[in-house]
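One letter stands for each residue in the lines below.
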Amino acid sequence: MINCKESTRLTIKKEENKITLRERIELSFHLMMCKFCSAFNVQNSWINGVSKHAEAHDSFSESEKQDLEVRMKDSTK
Amino acid sequence: MTKHQLNPDTWINLYADQLLSYALVRVPERDVAKDLVQDTFFSALKSKENFRGEISEKNWLYLVLRSRILDYYKKRKEVLESDFGTDDDDDDSFDNKGHWMDGKLPKEWSTDNIIQNKEFMQIFLQCKSALKEVQAQVFTMKYIDGEESETICKELEILSSNYWVLIHRAKLQLRSCIEKNWFDK
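Enquirer: Would you take a moment to explain the overall build of chain B for this structure?
Expert: A tally of helices and strands in chain B yields seven helices and zero strands. Ordered by position in the sequence, the α and β elements of chain B form the string α-α-α-α-α-α-α. Its C-alpha atoms give chain B principal-axis dimensions of about 60 × 40 × 30 Å. Counting all 185 residues of chain B, 31% fall into the buried class. Within chain B, residue pairs in contact and separated by at least 24 positions form 69% of the contacts whose partners lie at least 6 positions apart.

Set out below in structure tokens:
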């Protein structure tokens, strides 16, 4: 029987089809019996989906832009 | 087919903020992202003779930025070698029998309508930045940019055994951080 640490490791490896048939069976068994690892399994996939949408919204301040403009001009001299 | 043109005078106004936001998702600090955007403009200016007009100016600048980010990862990886860790050390998610530690037991999440939530996205990025830098790098390459694990190992020159330890640790930490800072609040 595999423990929870091993089950989370296999959960992640399974995403890339990098586990053996025996590991796959052992993982399925573990997930049926362990609600915590089962929650990890679901949340792990959800985090993968969220990651694809990761975005930030930031901007340069006016002074940073002016500074950048000066440096760009200098860099071509 | 119309050839695309470069207009460097317009770059800052048109693209600086978008490129900054793109870089911010991928590197740990704003100052680093800012420097990478600056380097992108410099090296784009230097190599503008090589621009053949086959893709848009904007896409070309993004390609230059992506290559700057990869160079940054490679350079940082040299100094981060000590953060690789092994499967056994520095693991606060499980006890020595491989059972979940009490404070780390995954709870139920209610995840409806969260992906569009800007505040959640900030927490997500903060939690990613809180990872060890090399963990955050492989996580970003794999799950944000969708690279294959083989490509990541090759580009960063890491063993696949190191890769799996880094990804496993990154996922555990990130999950726990998101739970603590979003779902528990």
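Enquirer: Any chance you could explain the overall build of chain A here in plain terms?
Expert: A tally of helices and strands in chain A yields four helices and zero strands. Each helix (α) and strand (β) of chain A, taken in turn from the N terminus, gives the series α-α-α-α. Its C-alpha atoms give chain A a radius of gyration of 23 Å, clearly above 11 Å, the size a compact globule of 77 residues would have. In terms of its C-alpha atoms, chain A occupies a principal-axis envelope of roughly 65 × 25 × 15 Å.

Enquirer: Mind showing me how you'd approach the domain arrangement of chain B here?
Expert: Interfaces are frequently sized by the accessible area removed from exposure as the parts join. Residues and elements named next belong to chain B. By domain assignment, chain B separates into domain 1 (8–81) and domain 2 (84–183). Between domain 1 and domain 2, the C-alpha centre-to-centre distance is 25 Å. Facing 10 residues of domain 1, the contacting portion of domain 2 comprises 11 residues. The class makeup of the residues in the side of domain 1 that touches domain 2 is five nonpolar, no polar and five charged.

Enquirer: How should the confidence of the model for chain A be read in this particular structure?
Expert: Detail in the predicted coordinates should be disregarded across regions flagged by low pLDDT. Taken over all residues, the pLDDT of chain A has a mean of 94, while the share at 70 or more is 100%. Of all helices and strands in chain A, the one with the weakest mean pLDDT is helix α4 (residues 62–75) of chain A (92), whereas helix α2 (residues 21–33) of chain A scores best (97).

Enquirer: Just to check I follow, could you spell out the interface of chain A and chain B for this structure?
Expert: Taken together, the 34 residues of chain A in the interface contact 37 residues of chain B. Of all the secondary-structure elements, those providing two or more residues to the side of chain A that touches chain B are α1 (4–14), α3 (35–52) and α4 of chain A. For the side of chain A that touches chain B, the leading source of residues is α3(A), giving 10 residues. For the side of chain A that touches chain B, the residue count by class is 13 nonpolar, 11 polar and 10 charged.

Enquirer: Even after reading the chapter, I still don't get unusual backbone geometry, so can you show me in this structure?
Expert: Leave glycine aside and you will find that most residues have negative phi; peptide bonds, for their part, are mostly trans. Even without being a glycine, Asn17(A) presents a positive backbone phi close to 55 degrees. By secondary structure assignment, the location of Asn17(A) is in the loop between α1 and α2. For Asn113(B), which is not glycine, the phi dihedral falls at a positive 55 degrees. Its place among the elements puts Asn113(B) in the loop between α3 (57–80) and α4 (118–129).

Definitions and limits used
Residues numbered from 1 in each chain as written. Chains lettered and ligands numbered in written order. Predicted model: local features only at pLDDT ≥ 70, side-chain atom pairs only at ≥ 80, totals over all residues. Helix = DSSP H or I, 4+ residues; strand = E, 2+ residues; numbered from the N terminus. Buried ≥ 20, exposed ≤ 12 C-beta atoms within 10 Å, placed from the backbone. Contact = placed C-beta atoms within 7 Å. Rg over C-alpha atoms; globule rule 2.2 N^0.38 Å. Domains from an automatic or database assignment. Nonpolar A, V, L, I, M, F, W, Y, C, P; charged D, E, K, R; others polar. pLDDT = per-residue confidence, 0-100.

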